[in-house]
Amino acid sequence: MHGIERADSVTWNPHKMMGATLQCSAILLKHKGLLGQCNSMCADYLFQQDKHYDLRYDTGDKAIQCGRHNDVFKLWLMWRSKGDSGFESQINQLFELSRYMLERLKERSGFELLLDEPESTNICFWYVPQNMRSMVHGQERDIKLSKVAPKIKALMMECGTTMIGYQPLGNKPNFFRMVISNPAARTHDIDFLLDEIERLGEEI
């Protein structure tokens, strides 16, 4: 957080590591009144001006989400239930699971990491089927490798066993991108995912 005072705005989204709902986010601004200037529509059917209470309590006209911005209450309830130590334990577990997956990938043949030491809990990797492992690195191999992740994901969806995202990056061929964020996940889930990638990868 060093240097945060130089920012005009800061956003905080707890939906991945803390498990909050996707739309549960916060935006903090240095300049007072800016949200109202940007988002206010003055919709008289929502925010009547002749109410019997202080209109400053109608905060929906200041937020991007209008009347849905009380989603942050869900975060408050989670925090009230788990406490600081509960969230700390949950997030530490996700990092431990990420480390577990990283070590399993390094042990298994056919898996190649984009980064040997990824940041956070996102792990990006390729699976190289047996029939491609002797290919020389180059354009021809990249073209074939780029088709592997989409095909494996399609087979996963057809089987209904598991699912993982993939993407390209610049001139790098499609790779799997695992985001470990589910606090219910365990090491046996990681093992099953990698086993399934290997099993389906040899079918293509």
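Below: a short report on this structure. (Residues numbered from 1 in each chain as written. Predicted model: local features only at pLDDT ≥ 70, side-chain atom pairs only at ≥ 80, totals over all residues. Heavy atoms only, no water.)

A few words now on the overall build of the chain. A tally of regular secondary structure across the chain gives 5 helices and 6 strands. For the chain, the N- to C-terminal ordering of α and β elements is β-β-α-α-β-β-α-α-β-β-α. Here the C-alpha radius of gyration of the chain, 23 Å, is well above what a compact globule of 204 residues would show, namely 17 Å. Projected onto its principal axes, the C-alpha positions of the chain cover 75 × 40 × 40 Å. Expressed as a percentage of the 204 residues in the chain, the buried residues total 29%. Within the chain, contacts between residues at least 6 apart in sequence are counted, and of these 52% link residues at least 24 apart. Considering the chain, the positive charge centre built from 25 side chains and the negative charge centre built from 27 side chains are found 2 Å apart. (Helix = DSSP H or I, 4+ residues; strand = E, 2+ residues; numbered from the N terminus. Rg over C-alpha atoms; globule rule 2.2 N^0.38 Å. Buried < 20%, exposed > 50% of the residue type's maximum accessible area, 1.4 Å probe, protein only. Contact = heavy atoms within 4.5 Å. Lys, Arg positive; Asp, Glu negative; His and termini not counted. Charge placed at Lys NZ, Arg CZ, Asp CG, Glu CD.)

Moving on, we get to the pattern of salt bridges. On inspection of all chains with the given rule, the structure shows 10 salt bridges. For the salt bridge of R104 with E107, the shortest nitrogen-to-oxygen distance reads 2.7 Å. Of this pair, R104 and E107 both sit in helix 2 (residues 72–107), 3 residues apart, which is roughly one turn of the helix. By relative accessible area, which is 18% here, R104 ends up buried. Put simply, R99, E103, K106 and E117 are held in one network by salt bridges that share partners. (Salt bridge = Lys/Arg side-chain N within 4 Å of Asp/Glu carboxyl O.)

Another aspect to go through is the environment of I164. Tracing the backbone shows I164 in the loop between helix 4 (148–159) and strand 5 (165–169). I164 has contacts with F125, K153, M156, F176, R177, M178 and L193, leaving out every residue within four places of it along the chain.

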